[in-house]
Amino acid sequence: MAAPGIGGRLVALPLAWLGGVALQLHERELWPLAAYVAIASAAAVAVLAGALTRRAFPLVVVAALAGGFAVSGWQASLRLAETLPAGLEGRDIVVTGVVASLPQQGPSGLRFRFTVDEGAAPAGVPSLLALGWYAGFHEDAALVQPRLALRAGQRWRFTVRLRQPHGNLNPHGFDYELALLEQGVRATGYVRDAPATLLDASAGHPVERLRQRVRDAIYTHVADRRAAGVLAALAIGDQGAIERDDWDLFRNTGVAHLMSISGLHVTMFAWLAGTLIGAAWRRSTRAMRWFPAPSAARWGGLFAAIAYAFFAGWGVPSQRTVWMLATVTLLRAGGLRWPWALVLLTAAFVVTVFDPWALTQPGFWLSFMAVGLLMASPTATSAPREATTDSVVGWRAWPARFAASVRGGLRTQVIATLGLTPLTLVFFQQVSLVGFLANLVAIPLVTLVVTPLALAGIAMTPLWSLGALIVQGLDALLVRLAALPGAVWTVAVAPWWAQLAGLLAAVLVVLPLPWRARLVAVPLALALLVPPVSRPAEGSFDVVAADIGQGTAVLVRTRHHALLFDSGPQYSRESDAGQRVLVPLLRSRGERHLDLLVLSHRDSDHVGGARTLLGAIDVGSLASSLEDGHPLLDAARDPHRCVAGQRWRWDGVDFAILHPGADDYARTLKPNAMSCVLRVAGGGRSLLLTGDIEREQEQALVAANGEALRSDVLVVPHHGSKTSSSAPFLDAVRPRIAVFQAGYRNRFGHPAAEVLDRYRERGIAIVASPACGAWQWRAAGAGDGTCERAAARRYWHHRTSATEVE
């Protein structure tokens, strides 16, 4: 067999490296650090040996794969080694350090990164912490109000309470623990109510201090806080300045990628800086003799991009773009004109050397795919047919140039929209059908007008007011587009083969192929656009107990109907379980409609996500024990009380409300005592959902129902509180499995140790959301259900036991 040519070799090596990185990212447990070091060393030796002879090229490819695997594992081992020791969790610790990021202010307080001074904390405390300083509503609120004077670069002494990185883990949901790992954060926590002392107002992080001054100036000069947030995001990369409702609007109209410092902004800034530097360079004969103008423009653009990325917070998307630009600049400096595919692969190699976790991020694939599609498209591979200005000179050429630019922009937008839609569906399960129109306006407006105004306003503050006016006008247009019927197309998560077929369809559409060949893309894309959705058989049901922290949210799915029991907690004034967990979970499962939402009682850890759900998902009916006049009753369609004795059958599955009784509504009872209790039975299996009932209600249920309470699965009353799970109640229900939905190290101490002992004494299997993540009980699956933390286990995921409390 003939040896591969130089082009094939150069393509094979970065591909092998990326394959090794991807393989390591799928590890459930890390190997010893020494193993990664040994493999990396052996790979380096093999590459050097292979460079001496062409026949050893297969060995070099294997070495590249092993190198990607080992270097990624090496970095992961070093980063995980700094994780907070379990013995320091939940303790008051005094730390001294510097505010390392822009504090993000919300209604509940402040969130910020904090670098700990060496020797200024107990041994084992990581060097970088993610802290909150809360007030009022938040469950971790300090008794003292957050210091509004907190600024980036200040040195403070805090008393904090820390814990290991832990987040909710749900099917196809956001992986918070992975995000913290990539950012280098190995402990999270909050400021306690002990005195906090400002030690130095300018202790470090000069770039962050400059960003702080710019953000403060924007908010001072721009009265509209929403517009000011967008300007701050575009000028200094402060994504937290954009309000939650605005992010929803930008996502639904397909322009979210424009509203923060992304690869597009950094690239545009580099292009603009390079153009200006090249033009200035050509005006100096001495400069051109010393260094060619094109090279000066490329290097100047690169350094400008690096400076802009640092000023924008050096976020992961900006880092990826800088490494890509640096790769291209170095290749051109070396006189290498590689094919676009090889350039992209080399850039991807460089990115993953510094950040192997980039492969898990949608932004990595979207940015590389966008560039690749544009380079592979007919627009990039053939000369345009439009009339140029060869025969027209002077001002008469401008109309033709403008028309050509418009046509080129339209083609580019068509290619980007068609090519990236499958990838968007793969990652986000939704695509904006008005995104094409929105981006036609937003891309030139944001990149060429608003962003330059946001940056120029640093020197001339009145420009921020002009930028705010343009942002307000753009918002008005986006609101109208988002209000159009069918503005957003949502789908369930497609199987892997449908995802691959959809991505192949995108490539076929934009490649310079005959139209007959491109038509093959239509059937390839169908399974991604309308993916097959698994549903239980007639007479059976599936259950998903979502991982929502301290609260309750359980989805029950029959063949043709869906019921959600409770909606999880409200985490803060600006965040709830509906927005963070339940809406994404429902959409990933293809649940566009809930037939019934049951809100067991009025406590915020059970109804906290309801308003978001009612606004985002079509909910047919609401059953609850909420008092008359509760705001959620006005927001719902067909609200009614849940009353013992109500029964119905869906698809051969029986549902029965067991509590509260009709007369309970006339009594003055605590909200917990009014909890709706629902039993579901079908296909030889049964489930009991109990809300926050306590001993008295448990006794009443046993007296009224007796053996009829018997259920295979019990969602434990009141999250395992000492006031519930009485022995007679457990003896009546006799569950095989007990599901505890509680927050990791929650302040209530749920589940209580004595309650856990009662379940263990009866041989009942315990499933706790901190240790399990989301728990799924499928009609066609394993008898005891599956935990998301077990099914999707990766080495960065936190491990805990069911009994760990604060």
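This text goes with the structure placed above it.
Keep in mind it's a predicted model, so treat the numbers as computed, not measured.

Trainee: Break down the overall build of the chain for me, with residues and values.
Mentor: When helices and strands are counted, the chain shows 29 helices and 28 strands. Against the 2.2 N^0.38 benchmark of 28 Å for 806 residues, the chain shows a C-alpha radius of gyration of 29 Å, consistent with a compact globule. Once the C-alpha set of the chain is aligned to its principal axes, its extents read approximately 95 × 70 × 60 Å. Within the chain, buried positions represent 51% of all 806 residues. Once local pairs closer than 6 in sequence are excluded, the contacts in the chain between residues at least 24 apart make up 70%. When the accessible surface of the chain is split by element, carbon and sulfur atoms take 62% of a total near 35800 Å².

Trainee: Go over the packing of aromatic side chains with me, naming the residues and quoting the values.
Mentor: Counted according to the given criterion, the structure contains 27 aromatic pairs. Between tryptophan 323 and phenylalanine 354, the aromatic rings sit 4.1 Å apart at their centres with planes inclined by 10 degrees, giving stacked as the arrangement. Residue tryptophan 323 is located in helix H11 (residues 316-333), and its partner phenylalanine 354 is located in helix H12 (residues 340-354); the two are separated by 31 residues in the primary sequence. Taken together, the aromatic side chains of Phe112, Phe114, Trp133, Trp156 and Phe158 make up a single cluster linked through ring pairs. Of note, arginine 685 hangs over the ring of phenylalanine 541, and the distance from its end group to the ring centre comes to 4.7 Å. Sitting above the plane of the tryptophan 777 ring, arginine 685 keeps its charged end 4.1 Å from the centroid.

Trainee: How would you summarise the sheet that holds strand S26 (residues 765-768) if you had to cite specific residues and measurements?
Mentor: As summarised here, the arrangement of the seven strands in space is S20-S21-S22-S23-S24-S25-S26, forming an open sheet in which the pairing is mixed. Bordering the open sheet on either side are strand S20 (647-650) and S26, each of which pairs with just one other strand. Between one strand and the next, the sheet's axes are offset by a mean angle of 20 degrees, whatever the strand orientation.

Trainee: Provide a residue-level description of the state of the cysteines, including the pertinent values.
Mentor: Scanning all chains against the criterion turns up two disulfides. Residue pairing for cysteine 642: its cysteine sulfur links by disulfide to cysteine 676, the two sulfurs lying 1.8 Å apart. Residues cysteine 642 and cysteine 676 are joined through a disulfide that is left-handed, its torsion about the S-S bond being -50 degrees. Taken together, the positions of cysteine 642 in the loop between strand S19 (639-641) and S20 and cysteine 676 in the loop between strand S21 (653-659) and strand S22 (677-682) put the pair 34 residues apart, joining distant regions of the chain. Each member of the pair, cysteine 642 together with cysteine 676, is buried. The side chain of cysteine 772 participates in a disulfide bridge whose partner is cysteine 787; the two sulfur atoms lie 2.1 Å from each other. On the S-S bond that ties cysteine 772 to cysteine 787, the torsion sits near -105 degrees, and the link is left-handed. Of this pair, cysteine 772 sits in helix H28 (residues 769-772) while cysteine 787 sits in strand S28 (residues 786-787), placing them 15 residues apart in sequence. Once the bonded cysteines of the chain are numbered in order along the sequence, the disulfide links fall as 1-2, 3-4.

Trainee: Give a description of the pattern of salt bridges that names residues and reports values.
Mentor: Counting across every chain of the model gives 29 salt bridges. Salt-bridge contacts for arginine 789 lead to glutamate 177; the nearest nitrogen and oxygen are separated by 2.6 Å. You can see arginine 789 sitting in helix H29 (residues 788-791) and its partner glutamate 177 sitting in helix H4 (residues 176-183), a full 612 residues away along the chain. Each member of the pair, arginine 789 as well as glutamate 177, is classed as buried. Between arginine 589 and glutamate 591 there is a salt bridge; the shortest N-O distance is 3.7 Å. Here the two residues arginine 589 and glutamate 591 agree in accessibility, since each one is buried.

Analysis parameters
Residues numbered from 1 in each chain as written. Predicted model: local features only at pLDDT ≥ 70, side-chain atom pairs only at ≥ 80, totals over all residues. Heavy atoms only, no water. Helix = DSSP H or I, 4+ residues; strand = E, 2+ residues; numbered from the N terminus. Rg over C-alpha atoms; globule rule 2.2 N^0.38 Å. Buried < 20%, exposed > 50% of the residue type's maximum accessible area, 1.4 Å probe, protein only. Contact = heavy atoms within 4.5 Å. Areas by Shrake-Rupley, 256 points an atom, 1.4 Å probe, with all protein chains shown as cover. Phe/Tyr/Trp six-rings, centres within 6.5 Å; stacked < 30°, edge-to-face > 60°. Lys NZ or Arg CZ within 6 Å of the ring centre and 35° of its normal. Pairing = 2+ DSSP bridges. Axes fitted to C-alpha atoms, helices over the stretch in contact; angles between N-to-C directions. Disulfide = S-S within 2.5 Å. Salt bridge = Lys/Arg side-chain N within 4 Å of Asp/Glu carboxyl O.

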